[in-house]
Structure formats: structure tokens, C-alpha cells
Amino acid sequence: MFYQQIYPIEPLRKYVRYFWVLEGNSLDFSEKIFKIISDGMPGLIFQTNKKAFRDKNNQELPQLFVYGQTTRYTEQRAINSFQNIGIYFQPSALKSIFRIDASELTNQYIDIDDLLKTTITEQISNTASTDEKIALLSTFLLRQLQRTNINSEKPDFAIAQLEKGMSLQDVQNELKMSERSLERYFNQYIGISPKLFSKIGRFQSALEIIRQNPFEKLTDIAYQSDYFDQSHFIRDFKEFAGTSPKKFKLHANEIVSNFPEWKV
């Protein structure tokens, strides 16, 4: 299994955290199940082998597709060898790039050909190298941004402050917005409510503690991540990761974040 991250060109960094490449091309390839957990980010994936992956309903995934926020864990299954190239977007990117309300894709994905009139799938399919594929995707995104010309300043500010630990009330005050107005912005640009975005962010913080440190008492991790108590922590963890914190630690190499961080 090969995995690589590639950082975007400067004009795309407001919208793209990174490109990624994942390959599973062994001659003795056996079916793999990837558990996908909530991480607060949408994305895009191109499959060189368009019949390699199936969703939780055993439907073939499109060759090039966009996916929205994931608010609960799900699974994808690789039934053939594969080489996937993906984009890990910033939280507000779907609205800015595709001129759609991000809530339309929450817990869903869509074939790029059903979203736009474009030949990008064919262009990438006819390109040999990974670098050329990423260059084509970069050009495609830049052209989309020129067409849409959408200002995401307010939701981007709100996201940045929430990720720093600012309370929702303080974010509303900084933006001089009502709770309802902030929720409307989040539904349009991020695809979920501010409260749910914060909830997923807190879960991801706890996840990072578990990944990077020797296993501590769950109560310590819960309080360090601002949960009310251990049971609250476990409940949220199961909702977003589909397993308990202890089982996650035991099987961390099988349970991964959203598509960009698939690892086995």
C-alpha cells in the first residue's frame, strides 16, 4: 500500500488542504474494507480503476466524484487493485468551487458529470502520470473558481475561530450575526450546523490524542478534549468512528479518517 500527500499551488491553498495518492496494486490483491470517520472536510476522488471501489450499499463509486461532509461513520470496499487520486478540500470549498449549497452533499457523493458539464474525467483518464493528473485537477479548480467568484470570508473566519477553540456565541458576536444567520451560512458553505462542526472538531482532537500518545484513561482524554464526562466522550466517538475508543486504539491501522487518509 502506497500513500502520498501533495500540497497545492498557492492560488488553491484557500480551498485545498492537499492532494493525495493511494495505491493498492499487489498481484495477490484481496478485498479491503475501509471504515471512514467524520473529519469535517469534503473532497473529490478520481479512480484510475473505475470498478475498484463500492459504497456501503454495494454500488460502484463513480470514476470521478465529489463528496460532502460525513456526519457519521460509513464504509467503502475495494474489490480490485486501485490507484486513487483525491483532493482534501477546506471545509467551505464546495460552495466556492461548485456553486452549490454544501448541505446538498452532506453524507452523499455525486458523479462530477452529474454536477457539471465537463470533460475533466476523460482528460485525467487519458493522462499517464500522477503529476499530470494533479496539474489537470488544479487547472480545473482554478477555472471553476473564476466562474463562481463566491466570497466565503465570513464562514472561513467562523471556521478558523471555532478550530482555535472560540465559542459559538463569541463567533456570532465577532461576526455580528444571529444564531440563525450563522447556521444558514454553515448549511450553505460547510453543509452542517456550527454546533455539529464543533462537535466533529472536538472528536477529531480526541482522536489525535489517542493516535499520538500511549493510551491513557478515557476520563483523562474526555476532559482534555472538553467532554462533559467519559460516557459523553464514548457516545460521540461511536457516532463518528463506528467503534469505541479502546477498540479504535487496538485496530487503528484499519480505521481511518475520510477518503484522503485511507490507510491499511
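Just so it is clear, the model here is predicted, and its values are computed rather than measured.

Undergrad: Can you walk me through the overall build of the protein in this structure?
TA: A count of helical and extended segments in the protein gives eleven helices and ten strands. Computed over C-alpha atoms, the radius of gyration of the protein comes to 19 Å, within 12% of the 18 Å expected from 2.2 N^0.38 for 264 residues, which places it in the range of a compact globule. Here the C-alpha coordinates of the protein stretch approximately 50 × 45 × 30 Å along the principal axes. A total of 264 residues make up the protein; the buried ones form 49% of that total. Surface summary for the protein: the accessible area is close to 13,100 Å², and the carbon and sulfur share equals 45%. Measuring between centres, the 33 positive side-chain charges of the protein sit 2 Å from its 32 negative side-chain charges.

Undergrad: I would appreciate a short explanation of the packing of helix α8 (residues 194-212) against helix α10 (residues 230-241) in the present structure.
TA: Each pair of packed helices can be described by the angle between their axes along with the distance between the axes. Packing of α8 against α10 leaves a shortest axis separation of 10 Å and a crossing angle of 100°. One element, α8, and the other, α10, form an angle in the roughly perpendicular class. For the pair α8 and α10, the contacting residues are Leu196, Lys199, Ile200, Arg202, Phe203, Ala206, Leu207 and Ile210 in the first and His232, Phe233, Asp236, Phe237, Glu239, Phe240 and Ala241 in the second. Tallied by class, the residues present in the contact of α8 with α10 amount to ten nonpolar, one polar and four charged.

Undergrad: Could you clarify how one ought to interpret the nonpolar core in this entry?
TA: As a rule of thumb, soluble globular proteins bury nonpolar side chains together. Formed by 30 residues in total, the largest nonpolar core has its most connected members in Leu182, Phe186, Ile190, Phe197, Phe203, Phe233 and Phe237. Of all elements in the fold, only α5 (153-163), α6 (168-175), α7 (179-189), α8, α9 (218-224) and α10 reach the threshold of two or more residues within this core. When residues in this core are grouped by element, the largest group, seven residues, is from α8. Setting aside anything within four residues of it in sequence, one finds Phe237 in contact with Phe203, Leu207, Ile210, Gly242, Thr243, Ser244, Pro245 and Phe248.

Undergrad: Sorry, what's going on with unusual backbone geometry here?
TA: One can expect most non-glycine residues to show negative phi and most peptide bonds to be in trans. Phi at Asn107 takes a positive value of approximately 60°, unusual for a residue other than glycine. One non-glycine residue, Asp226, lies in positive phi territory at about 70°. Residue placement: Asp226 occurs in the loop between α9 and α10.

Undergrad: Help me out: how do you make sense of the sheet that holds strand β4 (residues 43-47) in this one?
TA: Strand pairing within a sheet occurs via backbone hydrogen bonds; the two strands may be parallel or antiparallel. Spatially, β1-β2-β8-β4-β6-β9 is the arrangement adopted by the six strands of the open sheet, whose pairing is antiparallel. Unpaired on one side and paired on the other, β1 (2-6) and β9 (109-111) mark the two borders of the sheet. Along the sheet, successive strands turn relative to each other by an average axial angle of 20°, direction set aside. Each of β1, β2 (16-24), β4 and β8 (82-89) touches helix α4 (residues 130-148); the most contacted strand, β8, lies at about 35° to it.

Analysis parameters
Residues numbered from 1 in each chain as written. Predicted model: local features only at pLDDT ≥ 70, side-chain atom pairs only at ≥ 80, totals over all residues. Heavy atoms only, no water. Helix = DSSP H or I, 4+ residues; strand = E, 2+ residues; numbered from the N terminus. Rg over C-alpha atoms; globule rule 2.2 N^0.38 Å. Buried < 20%, exposed > 50% of the residue type's maximum accessible area, 1.4 Å probe, protein only. Areas by Shrake-Rupley, 256 points an atom, 1.4 Å probe, with all protein chains shown as cover. Lys, Arg positive; Asp, Glu negative; His and termini not counted. Charge placed at Lys NZ, Arg CZ, Asp CG, Glu CD. Axes fitted to C-alpha atoms, helices over the stretch in contact; angles between N-to-C directions. Parallel < 35°, antiparallel > 145°, perpendicular 65-115°, else oblique. Contact = heavy atoms within 4.5 Å. Nonpolar A, V, L, I, M, F, W, Y, C, P; charged D, E, K, R; others polar. Core = buried A, V, L, I, M, F, W, Y, C linked by side-chain atoms within 4.5 Å. Pairing = 2+ DSSP bridges.

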